[in-house]
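Examination of the molecular architecture
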Amino acid sequence: MLKTVSYIILFIVGSTLIGFNEVESKESTVVLSTDSYVKIKGKTNVSTFECNFDITTISDGIRIKYNAYDERIKFNDTKLTLPNLEFNCGGNAINRDFNKLLNTEEYPEIILKLKEISKGESVKNSTSALIEITLSNKVRTYTVPIVVNNDEDLIVSGVLPLDINDFGLAAPTKMLGMVKVSPNIEIQFSLKILEC
């Protein structure tokens, strides 16, 4: 009887220790190729607009810390900081409107923080990323379907639809209210990742 109780205790303690056994943390530094892009697309009731980020301004390596599990990778403080002034929407007037909308004077950057990448359970070969976005000092988290291409270089791409109202931003109007900007925008990205 005592022997049986000892085995049960060892089993429970062993199971508990295995359950808390942390996967080894890994670190890497990467850079983005100049072939990469991040753009914000939107529309008004009369046209569309596109604001392209100057990817060459991110010359420093991006530090990546992560833990790899079977079907997912969890990241720790892996982020991409995008200064608002590095977006070009095609002209001085629309660039001013864009920066006014984002409160650039007070909050000069958009921060995209990668939290997790996981393989889909319901759709075979699907992958999604959990991304935390800080915009105008408001933080929101989204799950984004992504495409990972690893033929020659690692390229991660996707489209993240956003409602600017979620960040407390009001879509501007022009020409006495005749031109209205939709609150629905898209962040489109294709990041060609090179290891340092």
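Preceding this section is the structure that the text describes.
Read on for an overview of the structure. (Residues numbered from 1 in each chain as written. Predicted model: local features only at pLDDT ≥ 70, side-chain atom pairs only at ≥ 80, totals over all residues. Heavy atoms only, no water.)

**Overview of the overall build of the protein chain**
When helices and strands are tallied, the protein chain shows two helices and 13 strands. The proportion of buried residues among the 196 residues of the protein chain is 33%. In the protein chain, the proportion of contacts linking residues at least 24 apart, taken out of those at least 6 apart, comes to 59%. Accessible surface for the protein chain amounts to roughly 12,900 Å². Of this, 53% is attributable to carbon and sulfur atoms. (Helix = DSSP H or I, 4+ residues; strand = E, 2+ residues; numbered from the N terminus. Buried < 20%, exposed > 50% of the residue type's maximum accessible area, 1.4 Å probe, protein only. Contact = heavy atoms within 4.5 Å. Areas by Shrake-Rupley, 256 points an atom, 1.4 Å probe, with all protein chains shown as cover.)

**Re the nonpolar core**
Ranked by size, the top nonpolar core spans 40 residues in total, and within it L82, I110 and I133 carry the most contacts. Residues within four places of I110 in sequence aside, it is in contact with I40, L80, T81, L82, N84, F87, L102, I133, T134 and L135. (Core = buried A, V, L, I, M, F, W, Y, C linked by side-chain atoms within 4.5 Å.)

**Brief notes about the packing of aromatic side chains**
Counted under the stated rule, the structure contains four aromatic pairs. Judged by centre distance (6.4 Å) and plane angle (35°), the rings of Y142 and F167 are tilted. Of the two residues, Y142 sits in strand 9 (residues 138–149) while F167 sits in the loop between strand 10 (154–163) and strand 11 (173–174), which places them 25 residues apart along the sequence. Take Y142 and F167: they sit in the same class, and that class is buried. Put simply, the rings of F53, F87 and F98 touch in pairs and so form one group of aromatic residues. We note K39 situated over the ring of Y37; from NZ or CZ to the ring centre the distance is 4.6 Å. R72 extends its terminal NZ or CZ atom over the ring of Y69, reaching a point 4.7 Å from the ring centre. (Phe/Tyr/Trp six-rings, centres within 6.5 Å; stacked < 30°, edge-to-face > 60°. Lys NZ or Arg CZ within 6 Å of the ring centre and 35° of its normal.)

**Section: the pairing of strand 8 (residues 127–135)**
Of the pairings in the sheet, the one linking strand 7 (residues 109–119) to strand 8 comprises eight bridges and is antiparallel in character. Looking at strand 8, one finds that L112 is bridged to I133. Strand direction decides the pairing type here: strand 8 and strand 9, joined by nine bridges, are antiparallel. Directly across from T134, in strand 9, lies its bridge partner V139. Between strand 8 and strand 9, which pair antiparallel one after the other, the connecting turn spans two residues, and S136 there sits at a positive phi close to 55°. (Pairing = 2+ DSSP bridges.)

**Description of the environment of S25**
By the element assignment, S25 lies in strand 1 (residues 25–32). A relative accessible area of 54% means that S25 is categorised as exposed. Once the C-alpha coordinates of S25 and K65 are considered, the two residues, 40 residues apart in sequence, prove to be 7.0 Å apart. In this structure the side chain of S25 is engaged in a polar contact, spanning 2.8 Å, whose partner is the side chain of N67. (Polar contact = N/O pair within 3.5 Å; in protein donor to acceptor, adjacent residues only side chain to side chain.)

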